[in-house]
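Here is what each chain is made of, one letter per residue.
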Amino acid sequence: MGRVRHFHAKNVRPAVHALIESEGWSFMDGVRGSVFTVPGDQEGGVDFAPLLQILADNSYDGWIVIEAEQDPDLRNPLLYQTLGLHTLKRIAREVGLIPG
């Protein structure tokens, strides 16, 4: 934790990841195929609560960045960013990372 200066919150769609693995897609094909998403997406497989709990337990006060390489023609960037921000703020309050 002493070396962590930024937390990049990126989610992964397990169904797409399985397709990538089984078909041998390249990283870029995976990105184009929507393997990544934001925290809070129901298709995502990452549980962010334990990760943010680690940050809270270590008095983390750095940046948390929402990341999701997605095709804006397939996924509305504003809707997904809003979902990611809402989700991370909710979890951060629940684990005591930010005031509730």
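Residues numbered from 1 in each chain as written. Predicted model: local features only at pLDDT ≥ 70, side-chain atom pairs only at ≥ 80, totals over all residues. Heavy atoms only, no water.

Before going further, it helps to examine the pattern of salt bridges. This model, assessed by the stated rule, comprises seven salt bridges. For E67, the salt bridge identified is with K10, shortest N-O distance 3.7 Å. Here the residue E67 occupies a position in strand β3 (residues 63–67), and K10 occupies one in strand β1 (residues 6–12), the gap between them amounting to 57 residues. The partner of D29 in a salt bridge is R32, and the shortest N-O contact between them spans 3.9 Å. Within this pair, D29 and its partner R32 are both found in helix α2 (residues 27–32), separated by three residues, close to a single helical turn. (Salt bridge = Lys/Arg side-chain N within 4 Å of Asp/Glu carboxyl O. Helix = DSSP H or I, 4+ residues; strand = E, 2+ residues; numbered from the N terminus.)

As a further point, take the sheet that holds strand β2 (residues 36–37). Strand order in this open sheet of three strands is β2-β1-β3, and the pairing throughout is mixed. Each of the sheet's edge strands pairs with one partner strand only, and the pair in question is β2 and β3. Alignment of β1 against β3, held across five bridges, turns out to be parallel. By the bridge assignment, A9 is partnered in β3 with I66. Against the sheet, helix α3 (residues 48–57) touches β1 and β3, its axis set at about 175° to β1. (Pairing = 2+ DSSP bridges. Contact = heavy atoms within 4.5 Å. Axes fitted to C-alpha atoms, helices over the stretch in contact; angles between N-to-C directions.)

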